[in-house]
Amino acid sequence: EPEVTQTPSHQVTQMGQEVILRCVPISNHLYFYWYRQILGQKVEFLVSFYNNEISEKSEIFDDQFSVERPDGSNFTLKIRSTKLEDSAMYFCAITFRGGTDTQYFGPGTRLTVL
Amino acid sequence: AQRVTQPEKLLSVFKGAPVELKCNYSYSGSPELFWYVQYSRQRLQLLLRHISRESIKGFTADLNKGETSFHLKKPFAQEEDSAMYYCAPVNQAGTALIFGKGTTLSVSS
């Protein structure tokens, strides 16, 4: 099973601050995903990323969010101006062959916005 | 809207008892369907997928297109099966997973 790491494991930030969450897959993958899970709620899709561009995004993924793969390995999720309701677990996932393929998840980053 | 329903938030059974975790999805066609599991303090991991028809850790899931269900079953639950289970079909665009709210399975001796 391909390994996916995420950093940091826990991020605490003040409302209005920018945060960058990182995902590092330990192998070459083309398809990347971000999901989030607000405490007590279900896992929700945010965005998928293929061939260095967004392939799909949910209504949650508004202008405050952005993704990029700056150095060909790390895959980042940036939240420009955090809000209290952004507090959640954020999961990165990867696949070999697109959305119908098995998704391999990272351990998650817990974001706490104060 | 595409929806996934897992009606039981918590399912408690005794070791050796049969288990069925229910999942219903709202859209037609032949979606690719997955069950993911999350053990305590661990990441989401694939338990099984419909297309492979494998039995993993004794679990099986049968797709019922008429009822749009993909219930997860195991004939004899083990304590190590205690975890959070998520039903997750792929959306109709084939681009992302849609997760149910999850069912916590608790197996006690």
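Residues numbered from 1 in each chain as written. Chains lettered and ligands numbered in written order. Predicted model: local features only at pLDDT ≥ 70, side-chain atom pairs only at ≥ 80, totals over all residues. Heavy atoms only, no water.

Trainee: Whenever I open this one, the sheet that holds strand E10 (residues 103–108) of chain B confuses me. Can you help?
Mentor: In a beta sheet, neighbouring strands pair by backbone hydrogen bonds and run either parallel or antiparallel. Residue and element names in this part refer to chain B. Strand order in this open sheet of five strands is E2-E10-E9-E5-E6, and the pairing throughout is mixed. Each edge of the open sheet is held by one strand with a lone partner, namely strand E2 (10–14) and strand E6 (45–49). Ignoring strand direction, the axes of neighbouring strands in this sheet form an average angle of 25°. As paired strands, strand E9 (residues 83–89) and E10 are joined by three bridges and run antiparallel to one another. By the bridge assignment, Tyr 85 is partnered in E10 with Thr 103. (Pairing = 2+ DSSP bridges. Helix = DSSP H or I, 4+ residues; strand = E, 2+ residues; numbered from the N terminus. Axes fitted to C-alpha atoms, helices over the stretch in contact; angles between N-to-C directions.)

Trainee: How should the interface of chain A and chain B be read in this particular structure?
Mentor: Much of the literature gives interface size as the accessible area that the parts lose upon coming together. In this assembly, 18 residues from chain A lie in contact with 19 residues from chain B. Between chain A and chain B the total buried area reaches about 1600 Å² when both faces are included, carbon and sulfur atoms providing 53% of it. In terms of surface lost to chain B, no three residues of chain A exceed Lys 42, Thr 100 and Phe 105 of chain A, which account for 31% of the buried area on that side. Counting every contact that joins chain A to chain B gives one salt bridge. Between Asp 101 of chain A and Arg 49 of chain B there is a salt bridge, with the nearest N and O atoms lying 3.6 Å from each other. Connecting chain A to chain B are eight residue pairs in polar contact (both at pLDDT 80 or more). Mapped onto the side of chain A that touches chain B, the elements with two or more residues apiece are strand E4 (31–37) and strand E5 (43–50) of chain A. Of the residues in the side of chain A that touches chain B, the class split is eight nonpolar, seven polar and three charged. (Contact = heavy atoms within 4.5 Å. Buried area = accessible area lost by both parts, 1.4 Å probe. Salt bridge = Lys/Arg side-chain N within 4 Å of Asp/Glu carboxyl O. Polar contact = N/O pair within 3.5 Å; in protein donor to acceptor, adjacent residues only side chain to side chain. Nonpolar A, V, L, I, M, F, W, Y, C, P; charged D, E, K, R; others polar.)

Trainee: Which parts of the structure should I look at to understand the nonpolar core?
Mentor: Buried together is how nonpolar side chains tend to be arranged in soluble globular proteins. Grouped together as the largest cluster of nonpolar side chains are 25 residues, with contacts concentrated most on Trp 35, Leu 72 and Tyr 85 of chain B. Setting aside anything within four residues of it in sequence, one finds Leu 72 of chain B in contact with Val 19, Glu 20, Leu 21, Trp 35, Leu 47, Leu 48, Phe 59, Thr 60, Ala 61 and Tyr 85 of chain B. Of all hydrophobic cores here, the second largest spans 24 residues; its members include Val 4, Ile 38, Phe 65 and Val 113 of chain A. (Core = buried A, V, L, I, M, F, W, Y, C linked by side-chain atoms within 4.5 Å. Buried < 20%, exposed > 50% of the residue type's maximum accessible area, 1.4 Å probe, protein only.)

Trainee: How should the state of the cysteines be read in this particular structure?
Mentor: Where two cysteines share a covalent bond between their sulfur atoms, that bond is called a disulfide. All told, the structure shown has two disulfides over all chains when counted by the stated rule. What pairs with Cys 23 of chain A in a disulfide is Cys 92 of chain A, and their sulfur atoms sit 1.9 Å apart. Across the disulfide from Cys 23 of chain A to Cys 92 of chain A, rotation about the S-S bond amounts to roughly -60°, and the bridge is consequently left-handed. Residue Cys 23 of chain A is found in strand E3 (residues 19–25), and its partner Cys 92 of chain A is found in strand E9 (residues 88–95); the two are separated by 69 residues along the sequence. When its relative accessible area of 0% is taken as the criterion, Cys 23 of chain A is described as buried. Bridging Cys 23 of chain B to Cys 87 of chain B, the disulfide has an S-S length of 1.9 Å. Its torsion about the S-S bond being -60°, the disulfide of Cys 23 of chain B and Cys 87 of chain B is classed as left-handed. Linking Cys 23 of chain B in the loop between strand E3 (19–21) and strand E4 (24–25) with Cys 87 of chain B in strand E9, this pair joins segments that are 64 residues apart in sequence. Each member of the pair, Cys 23 of chain B together with Cys 87 of chain B, is buried. (Disulfide = S-S within 2.5 Å.)

Trainee: What should I look at first to understand unusual backbone geometry in this one?
Mentor: Excluding glycine, a negative phi dihedral is what most residues carry, and trans is how most peptide bonds are arranged. Cis geometry marks the peptide bond from Thr 7 of chain A to Pro 8 of chain A, where omega comes out at -10°. Tracing the sequence through the fold places Pro 8 of chain A in the loop between strand E1 (4–7) and strand E2 (10–13). Backbone geometry places Arg 41 of chain B, a non-glycine residue, at a positive phi of 65°. By relative accessible area, Arg 41 of chain B is classed as exposed at 84%.

Trainee: I keep staring at the sheet that holds strand E7 (residues 65–68) of chain A and nothing clicks. Help me out?
Mentor: Residues and elements named next belong to chain A. With respect to topology, four strands assemble into an open sheet ordered E1-E3-E8-E7, the strand pairing being antiparallel. A single partner strand is all that each edge strand has here, and the edge strands are E1 and E7. Sheet twist, expressed as the mean angle between neighbouring strand axes with direction ignored, is 15°. Of the pairings in the sheet, the one linking E1 to E3 comprises four bridges and is antiparallel in character. Looking at the pairing, Val 4 lines up with Pro 25 of E3.

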